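Residues per chain, in single letters:
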Amino acid sequence: MNKNILLQLNNIHVHYGGVKALDNLSIKINEGEIVALMGPNGAGKSTILKTIFGLVPIESGEVVFLGNQIKLEPYEVVELGISFVPQGRRVFKHLTVLENIEIGGHAIKSRAVLKERIKEVLDIFPMLKEKLSQKSGQLSGGQQQMVALARGLVADPKLLLLDEPSLGLAPKVVKEVFQKIKEINEKRKTTIVVVEHNIKSLLEITDRAYVLDKGKIAAEGERKEFFDSGILKNIFVGKI
Amino acid sequence: MSTIKIKNLYKHFDGIKAVDHLNLSFESGKITGLIGPNGSGKSTLINLLTGVVPFDSGVVIISETTKLLRVKPYDMASFDITRTFQDVRLFEQMPVIDNILVVLTKRGIVGSLFEQHKKYHLEKAKEVLERVGLWEKRNELAADLSYGQRKLLEIARALAMNADIYFFDEPFAGLFPEIIKVVSSILKELRDKGKTVVLVEHNMELIRELSDYCIVMDSGELLAEGKPNDVLSQKAVIEAYLGE
């Protein structure tokens with residue numbers, strides 16, 4: 001079955017100093033998919049997300065979104081309907097929980113729509129409801145992670161980029177977050193690209209996955225192919 | 001080797017009891033797993049014990065003899081205590097190796113102006129960086145490392161301190177399976193050397209594998225403590241923390 005391609009990265013090169021972070025990398029993401037990016041620390045997974053969001057300069061290559069080459073500037077990427085939940089939370093610590101979430105919805109012009117969206121994301125993370133007026137810096141690391149996720153979701157993006165969404169979350173909350181990610185994908189048809197080290201939980205919800213090594217694609221395939229092949233074993237024993 | 005105890009430790013933030021009159025003991029030669037729901041006070045407890053955040057009342061007792069009513073962060077090294085942070089804290093604009101050398105060399109005002117790294121310092125830095133697989137990255141800026149590599153550098157820096165008491169705040173978060181094995185073996189080595197190791201972690205497989213003793217916090221209070229398997233099968237812990 002042919003699927004519509006939402007996003008393509010074509011022959012991307014990114015360097016950090018003298019280090020090749022992405023080395024002639026090409027990937028494609030279809031509409032409505034959840035795609036996992038896996039690989040060792042330093043393989044380039046987070047760099048892919050940052051590239052799409054315009055947070056790292058590319059040396060060469062192009063990013064195509066809905067058939068058009070896009071300008072890699074964060075404010076323009078947001079306008080296109082792409083949200084990014086970065087690794088390490090990055091909440092605005094001196095702003096309240098509500099203010100942080102509202103920032104995620106700054107492109108929404110209607111106050112009523114924004115209010116409705118905030119209500120929806122708070123239903124996903126009910127723990128935040130009673131902390132809306134609290135400064136985000138006073139929250140625990142795990143709670144800040146929830147704020148970051150809520151901030152990414154509030155814009156109801158076409159493409160959601162998640163960098164380690166389970167980082168710092170308690171087991172009970174991790175299960176809930178992965179369920180919610182799947183739910184968001186199914187109900188809202190949001191396309192999701194996710195970097196995550198919790199591979200077991202990740203592969204339960206993904207359609208396809210790319211495995212990266214040293215800035216290149218080492219393997220790619222449907223979820224089932226990963227379970228049936230030796231790729232996962234190779235990842236776990238560090239051969240990839 | 002040092003042990004660390006707390007008596008009646010209390011801290012509140014704007015009406016929220018973050019640590020609520022807690023009494024605990026962390027023993028040497030053991031890894032103590034410190035677990036609990038998000039916001040239960042685990043990281044706050046470590047922040048109180050390492051002076052990053054001042055506590056309101058209570059006592060911290062180190063090696064049975066030193067009673068502290070106030071803990072200052074810059075005193076921790078002299079008590080042979082070190083830690084890592086959940087949100088990694090490095091000297092971003094310094095090379096990897098300098099992030100290690102900075103804790104190996106003693107610095108006074110004059111000394112810092114004429115600092116010289118002796119063979120011993122460089123060898124020790126090499127040892128800990130090789131232990132975490134970052135020796136090849138020694139000349140790169142800390143800011144240019146990936147998240148996982150940054151966590152490893154912070155762990156290497158803690159190892160270079162050669163302390164007696166180690167607090168690790170989610171050291172495995174964001175690490176790849178193969179690197180998790182390396183960090184696990186580091187923690188086991190510290191335990192085998194008789195060090196006191198306190199591990200905050202949400203990965204229950206690792207808690208079961210590594211912890212000799214387990215403490216569960218909830219809303220700043222002690223919810224349960226004991227052997228990991230016993231604690232993790234308690235109904236209250238499953239309901240509050242693990243989920244079905």
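Bear in mind the structure is a predicted one, so any value in this text is a computation, not a measurement.

Basis of the calculations
Residues numbered from 1 in each chain as written. Chains lettered and ligands numbered in written order. Predicted model: local features only at pLDDT ≥ 70, side-chain atom pairs only at ≥ 80, totals over all residues. Helix = DSSP H or I, 4+ residues; strand = E, 2+ residues; numbered from the N terminus. Buried ≥ 20, exposed ≤ 12 C-beta atoms within 10 Å, placed from the backbone. Contact = placed C-beta atoms within 7 Å. Pairing = 2+ DSSP bridges. Domains from an automatic or database assignment. Nonpolar A, V, L, I, M, F, W, Y, C, P; charged D, E, K, R; others polar.

## So, the overall build of chain A
Now for step 1: Each helix and strand counted, chain A has 9 helices and 10 strands in total.
Now for step 2: Dimensions along the principal axes, computed over C-alpha positions, put chain A at roughly 45 × 40 × 35 Å.
Now for step 3: The proportion of buried residues among the 240 residues of chain A is 46%.
Now for step 4: Once local pairs closer than 6 in sequence are excluded, the contacts in chain A between residues at least 24 apart make up 68%.

## A word on the pairing of strand β10 (residues 216-222) of chain A
Residue and element names in this part refer to chain A.
Now for step 1: As defined by bridge partners, strand β9 (residues 208-213) adjoins β10 across 6 bridges and the pair is classed as antiparallel. Looking at β10, one finds that A209 is bridged to G221.
Now for step 2: Following β9, the chain reverses through 2 residues before pairing antiparallel with β10; K214 in that reversal takes a positive phi of roughly 50°.

## Observations concerning the domain arrangement of chain B
Residue and element names in this part refer to chain B.
Now for step 1: The assigned domain composition of chain B is domain 1 (1-79 + 196-244) and domain 2 (81-162).
Now for step 2: Once you take the C-alpha centre of each, domain 1 and domain 2 turn out to be 27 Å apart.
Now for step 3: Facing 6 residues of domain 1, the contacting portion of domain 2 comprises 5 residues.
Now for step 4: Per-class residue counts for the side of domain 1 that touches domain 2 are 4 nonpolar, 2 polar and no charged.

## Notes on the interface of chain B and chain A
Now for step 1: Facing the 27 residues of chain B at the interface are 28 residues of chain A.
Now for step 2: Elements represented by at least two residues in the side of chain B that touches chain A include exactly α5 (147-160), α6 (177-192) and α9 (235-242) of chain B.
Now for step 3: Looking at the side of chain B that touches chain A residue by residue, the classes come out as 11 nonpolar, 10 polar and 6 charged.

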